[in-house]
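# Breakdown of the fold
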Amino acid sequence: MLSVADKMAVIQDHERGVSRAELMCSEGWLWRFKRRHGIVKRAVSGEVLSADEAAVPPFVNRLRELREDENLHEFQIYNADETGLFWRTLPRSTQASKDLTSVPGHKTVKDRLSILVCANADGSHKLQPVIVGKGRRPRALKDVMTKLPVIYHSAPSAWVTQNVVEECFHKTFDPAVSQYQLRFYGIASNEIKALLILDNAPAHPSATKLCSKDGKIKALFLPANTTSLTQTMDQGVIESAKRHYRKLFLQRCLVVPEDGMNEPDYVDRRGKKTLENFKSYSIKDAIFNWAEAWKQVPLATLKNAWCKLLKTPKAQALGHDEFEGFEMKNMTDLLWVGNPVADHYETVRLMRMQIMKLQQEKMVQLKISSFSKPLPGSKRPRTTNYDLSVNVPSISPELPEELFTDA
């Protein structure tokens, strides 16, 4: 009598085409055995099994000590990571009739861009994405090269290199972080500090090269073979941005306005127009769509990605908070440099997070799908206006109440 483990080994050999004399069974018996014991076939993905789990706790402790020694707030800790984007690749699955055994497709388009994204720990500061393409000045970008919503670089293989990372650190990351802390938190220029956490990829220069002149904005590298466990942008942030990009890409190709559908001589040309949209989709569309997709990454996704490193509780997705009757205009005024409230970093941070939640919630509430189209003779239901007024009856007991009222 074979044990369950022996039977599992026999089943694995059977699926690989290797026969064993110990067990002779039919396909039906094999199917029922797998169903009875809950055995299913799953694709192997990720790099968790290759990760060095023992190196994670020491690094987490080291990061905690570094935060305490240098008094770093969550908005002063950043993470950046690279990813590849096949910007013209269509989905591998589609909706089809159940009578079809297979769906014909086209040759996979493998036009690729390398993208570098960066954000801080509380999700309040998302830097402009860095995109690396093959062409130095692509024809589709010649008229908008100075108006791009991203930072564009070129490389022969469209890979992120050490020169690109070093240039972006000194010309983009350092000035953007300094301006952000000075404008929204009122931090003096000589007290601005930040920590950029990176993995030890070959495209990243040494820590000595990724450091500001005063040494207060610097980089910290993750331990080797721990990217799948500790890399923040790999904890759903990049995946969320890619999902939003795919949605925008499909909307650009599939949404075809068509008039005169009820006319007797109407000829359906939507399929032809869809193909024309796909062929005309250029790197310019990809860049602008990625910039929009990066903006649409939820705030909760950015914050929850840091739970493993900072040991912070998980943030909830969009929802109504307990702040009522406090106008966002007044909150924005309070965050301006020179106001006494700007000295209370944590209070300012919470107020800015509230503004971002409300703006994002408004975007979700008022979003209308481009795929839905009212039937002939019917009217689209009116969208309810969303009231952005909220109220903060007690933000901090140390702050005077008159700060939160109109002058």
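Time to look at the sheet that holds strand E5 (residues 194-198). Ordered in space as E4-E3-E2-E1-E5-E6, the six strands form an open sheet in which the pairing is mixed. With partners counted over all chains shown, the strands left at the sheet margins are strand E4 (151-154) and strand E6 (217-221), one partner each. Across the sheet, the mean angle separating the axes of adjacent strands is 25 degrees when strand polarity is ignored. As judged from the four bridges shared by strand E3 (residues 130-133) and E4, these two strands associate in the parallel manner. By the bridge assignment for E4, Val 130 is matched with Ile 151. Of the strands in this sheet, strand E1 (77-86), E5 and E6 touch helix H3 (residues 56-70), which is tilted by about 165 degrees from E6. Against the sheet, helix H4 (residues 162-185) engages E1, strand E2 (112-120), E3, E4, E5 and E6, with an angle of about 125 degrees to E6.

Moving on, we get to the nonpolar core. Within the largest apolar cluster, 33 residues are counted, with the highest numbers of intra-cluster contacts made by Trp 87, Ile 131, Tyr 245, Ile 287, Trp 290 and Trp 294. Secondary structure elements with two or more residues in this core: E2, helix H6 (237-254) and helix H8 (283-295). What Trp 87 contacts, discounting residues up to four positions off in sequence, is Asp 111, Arg 112, Leu 113, Tyr 245, Phe 249, Tyr 281, Ser 282, Ile 283 and Ala 286. Among the nonpolar cores identified, the runner-up in size contains 27 residues, and Val 130, Tyr 185, Ala 194 and Ile 217 belong to it.

We now examine the side chain of Gln 76. By the element assignment, Gln 76 lies in the loop between H3 and E1. Overall, Gln 76 belongs to the buried group, its relative accessible area being 1%. Within the structure, Gln 76 has its side chain in polar contact with the backbone nitrogen of His 73 (distance 3.0 Å).

As a further point, take the packing of H6 against helix H7 (residues 270-280). Where H6 contacts H7, the axes come no closer than 7 Å and their chain directions differ by 130 degrees. Relative to H7, the element H6 lies oblique. Mapping the contact onto sequence places Phe 249, Arg 252, Cys 253 and Leu 254 in H6 and Thr 274, Asn 277, Phe 278 and Ser 280 in H7. Its residues placed into classes, the contact of H6 with H7 shows four nonpolar, three polar and one charged.

Below, the discussion takes up the side chain of His 153. Within the secondary structure, His 153 sits in strand E4. Those residues in contact with His 153, other than ones at most four positions away along the chain, are Val 130, Ile 131, Val 132, Gly 133, Val 164, Glu 167 and Cys 168.

This part takes up the confidence of the model for the protein. Mean pLDDT over the protein stands at 79; residues scoring 70 or higher make up 73%. Contacts for the low-pLDDT stretch residues 367-407, under 50 throughout, to residues beyond four places or in other chains number 58 contacts.

We now examine the packing of H6 against H8. For the pair H6 and H8, interaxial distance at closest approach is 8 Å and the crossing angle is 130 degrees. Here H6 lies oblique to H8, going by the angle between them. The chirality of how H6 crosses H8 is right-handed. Facing H6, whose interface residues are Val 237, Ala 241, Lys 242, His 244, Tyr 245, Leu 248, Phe 249 and Arg 252, H8 presents Asp 285, Ala 286, Asn 289, Trp 290, Glu 292, Ala 293 and Trp 294. When grouped by side-chain class, the residues that make up the contact of H6 with H8 number nine nonpolar, two polar and four charged.

Most of E1 sits out of view: eight of its 10 residues are buried. With three bridges connecting them, E1 and E5 associate as parallel partners. Considered in E5, the bridge of Tyr 78 is made with Leu 196. Taken together, the nine bridges between E1 and E2 define a ladder with antiparallel strand orientation. Among the inter-strand pairings, Ala 80 is bridged to a residue of E2, identified as Cys 118.

Scoring rules and cut-offs
Residues numbered from 1 in each chain as written. Predicted model: local features only at pLDDT ≥ 70, side-chain atom pairs only at ≥ 80, totals over all residues. Heavy atoms only, no water. Pairing = 2+ DSSP bridges. Helix = DSSP H or I, 4+ residues; strand = E, 2+ residues; numbered from the N terminus. Axes fitted to C-alpha atoms, helices over the stretch in contact; angles between N-to-C directions. Contact = heavy atoms within 4.5 Å. Core = buried A, V, L, I, M, F, W, Y, C linked by side-chain atoms within 4.5 Å. Buried < 20%, exposed > 50% of the residue type's maximum accessible area, 1.4 Å probe, protein only. Polar contact = N/O pair within 3.5 Å; in protein donor to acceptor, adjacent residues only side chain to side chain. Parallel < 35°, antiparallel > 145°, perpendicular 65-115°, else oblique. Nonpolar A, V, L, I, M, F, W, Y, C, P; charged D, E, K, R; others polar. pLDDT = per-residue confidence, 0-100. Left-handed = near helix turned anticlockwise from the far one by under 90°.

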